[in-house]
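Breakdown of the fold
Chain by chain, the residues:
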Protein chains: 2
Amino acid sequence: MSDIITFYDIPSVNGTGWSPNTWKTRLALNFKGVPYKTVWVEYPDIEALSKEIGAAPTGVKGDGSPSYTLPTIYDPKTKKAISDSQEIAEYLDATYPSTPLLFPKGTLALQIAFQEAFTTAALLNLFAPLLQESVTVLNEKSAVYFRQTRETTYGKKLEEFSPYGAVRDEHWAKTKTGFSTVAGWIKKSGGTFVMGDTPSYADLSTAAWLLWVRQVRGAGSADFKAIQAWDGGFWGQYLASLDKYTKPDA
Amino acid sequence: MSDIITFYDIPSVNGTGWSPNTWKTRLALNFKGVPYKTVWVEYPDIEALSKEIGAAPTGVKGDGSPSYTLPTIYDPKTKKAISDSQEIAEYLDATYPSTPLLFPKGTLALQIAFQEAFTTAALLNLFAPLLQESVTVLNEKSAVYFRQTRETTYGKKLEEFSPYGAVRDEHWAKTKTGFSTVAGWIKKSGGTFVMGDTPSYADLSTAAWLLWVRQVRGAGSADFKAIQAWDGGFWGQYLASLDKYTKPDA
């Protein structure tokens, strides 16, 4: 173990992250300016890694056994392994309070609720197409695991999640409507971000979902270009304002 | 018109308010300590009153014509009539910035999202039973109007919204689960309220929904006592902490 935080992320074929939940943690680490190094972990290796470093499970599998996920960080300062993006964000604010706060005083409950509201409004119809496509940017070892586990959980082939044509078109149309609702909330702040002129975790979490689209579909894809243009270009400008927090650790 | 704000509310048979949306405005006015007087308006009279004082419609009816709702306030200071509880709350903070803020700096977008998240998590299954029962506390003139308009909109008798037995039991069970989720968010603040030790609009809005249950089912009803006891008594204590803002204007 090094003397800085180790951040365990899932690699894409491009050598970058792609998972929206691990993006939340990378954005949070960069926003706070806390030094860290990335260790890339393929899906089938997450459980053994988690047990090795003492990271708690974040849920249960269909068979009732514990489920281990990334992001996870290991912090040599406290000798703690923390999993779950929200838990990590709260840990970082508590442990590094003199760096910029992800949750400005008094806003933790509000920011948790914002993420819930964003999920309901904007993500419900994005999940199917993006889950279906995510497998295309995974390394072989993870791709096999991802397909097998998702198809078992949902009882259908990945290609049936959001087939091109009417189903896919409806998913995107509803996603667009939902993002427009959220853009309306953010614009109420009077600034660029949810809380005004300074980003907070609600913004980083929201950006993480946009990065999911950018990494999985490609920065030059029609899908990502469409999102950038939604709401009069709001989402393109929003992500551009946060892009400096997407940098890798080195 | 008097020289203080006029607050237009819908009366129950008990001579108090009962509508969750008008409760939000009464709680907001009392929280800010802005003087006002209540004018009680029965449902069939809302449209004519709104047009008379220049209050904007808040939606459209099934036939495409404008729909007028309460709460509405008329403020002689600015000579403006404002309708819609969220619009009124934002107006009050903007017009009376030296009184306690409903939306502390930077939190307006977050507080809007909180209300959305609360609706999805906690209210979805409360609407049917409470809409069904609300008619029981309305004066005759409003009761007839309320039943007719709701039954036309939803295409069924009020008594079919949440029939006693399995359907009603499931609505309450899901409501309990949802309130537990929201209690979890609020407890994250480390204080009594969403933002900690001081109430904000997210709390007043949440309390308004609890007051709906208290006014429609009765303070001594099994339904209201059940909610007060949920989450280890959390909701009973929460509403008790906010009860001072429920006072009438006189």
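This one's a predicted model, so the numbers in the text were calculated from it and none came from an experiment.

**Focus: the overall build of chain A**
- The helix and strand tally for chain A stands at 9 helices and 6 strands.
- Over its C-alpha atoms chain A spans a radius of gyration of 18 Å, differing by no more than 12% from the 18 Å that the globule rule assigns to 250 residues.
- Taking the principal axes of its C-alpha atoms as reference, chain A extends roughly 50 × 45 × 35 Å.
- For chain A, buried positions account for 54% of its 250 residues.
- Sequence-distant contacts in chain A: of pairs separated by 6 or more residues, those separated by 24 or more amount to 68%.
- Entry remark: accessible area of chain A is about 10600 Å², with carbon and sulfur atoms responsible for 54%.
- Charge separation in chain A, taken as the distance between the mean sites of 25 positive and 26 negative side-chain charges, equals 3 Å.

**A closer look at the relation of the copies chain A and chain B**
- Relative to chain B, chain A is turned by 180 degrees and slid 0.0 Å along the rotation axis, the superposed coordinates differing by an RMSD of 0.0 Å. Expressed as a symmetry operation, the mapping of one chain copy onto the other fits a two-fold axis. Across chain A, the rotation axis passes nearest the C-alpha of alanine 117 of chain A, at a separation of 2.3 Å.
- A high fraction, 100%, of the interface residues of chain A reappear at the interface in chain B, so the copies pair face to face through one surface.

**Some remarks on the domain arrangement of chain A**
All names here are of chain A.
- Domain boundaries assigned for chain A yield domain 1 (5-95) and domain 2 (108-246).
- Here domain 1 and domain 2 have C-alpha centroids that lie 20 Å from each other.
- On the domain 2 side, the residues contacting the 24 residues of domain 1 number 26 residues.
- In total, domain 1 and domain 2 occlude about 2400 Å² of area from one another, counting both sides; carbon and sulfur atoms represent 66% of this.
- Our count for the contact surface shared by domain 1 and domain 2 stands at 1 salt bridge.
- The salt bridge involving aspartate 45 is made with lysine 141; its shortest N-O contact spans 2.9 Å.

**Digging into the nonpolar core**
- Counting 162 residues, the largest nonpolar core has Leu92, Phe114 and Trp235 of chain A together with Leu92, Phe114 and Trp235 of chain B as the members making the most contacts within it.
- Those residues in contact with tryptophan 235 of chain A that lie beyond four places of it in its chain are Phe179, Val182, Ala183, Ile186, Thr206, Leu210, Ile227, Gln228 and Trp230 of chain A.

**Here we look at the interface of chain A and chain B**
- Each side of the interface is counted separately: chain A has 22 residues, and chain B has 22 residues.
- Counting each side, the surface lost to burial between chain A and chain B is near 1700 Å², with a carbon and sulfur contribution of 74%.
- Of all residues in chain A, Leu110, Trp185 and Lys188 of chain A bury the most surface against chain B, accounting for 36% of the area lost on that side.
- With a shortest N-O distance of 2.7 Å, lysine 188 of chain A and glutamate 90 of chain B are connected by a salt bridge.
- For the side of chain A that touches chain B, the secondary-structure elements that each account for two or more residues are helix H3 (85-95), helix H4 (108-123) and helix H7 (166-187) of chain A.

Calculation rules
Residues numbered from 1 in each chain as written. Chains lettered and ligands numbered in written order. Predicted model: local features only at pLDDT ≥ 70, side-chain atom pairs only at ≥ 80, totals over all residues. Heavy atoms only, no water. Helix = DSSP H or I, 4+ residues; strand = E, 2+ residues; numbered from the N terminus. Rg over C-alpha atoms; globule rule 2.2 N^0.38 Å. Buried < 20%, exposed > 50% of the residue type's maximum accessible area, 1.4 Å probe, protein only. Contact = heavy atoms within 4.5 Å. Areas by Shrake-Rupley, 256 points an atom, 1.4 Å probe, with all protein chains shown as cover. Lys, Arg positive; Asp, Glu negative; His and termini not counted. Charge placed at Lys NZ, Arg CZ, Asp CG, Glu CD. Least-squares fit on C-alpha atoms with pLDDT ≥ 70 in both. Domains from an automatic or database assignment. Buried area = accessible area lost by both parts, 1.4 Å probe. Salt bridge = Lys/Arg side-chain N within 4 Å of Asp/Glu carboxyl O. Core = buried A, V, L, I, M, F, W, Y, C linked by side-chain atoms within 4.5 Å.

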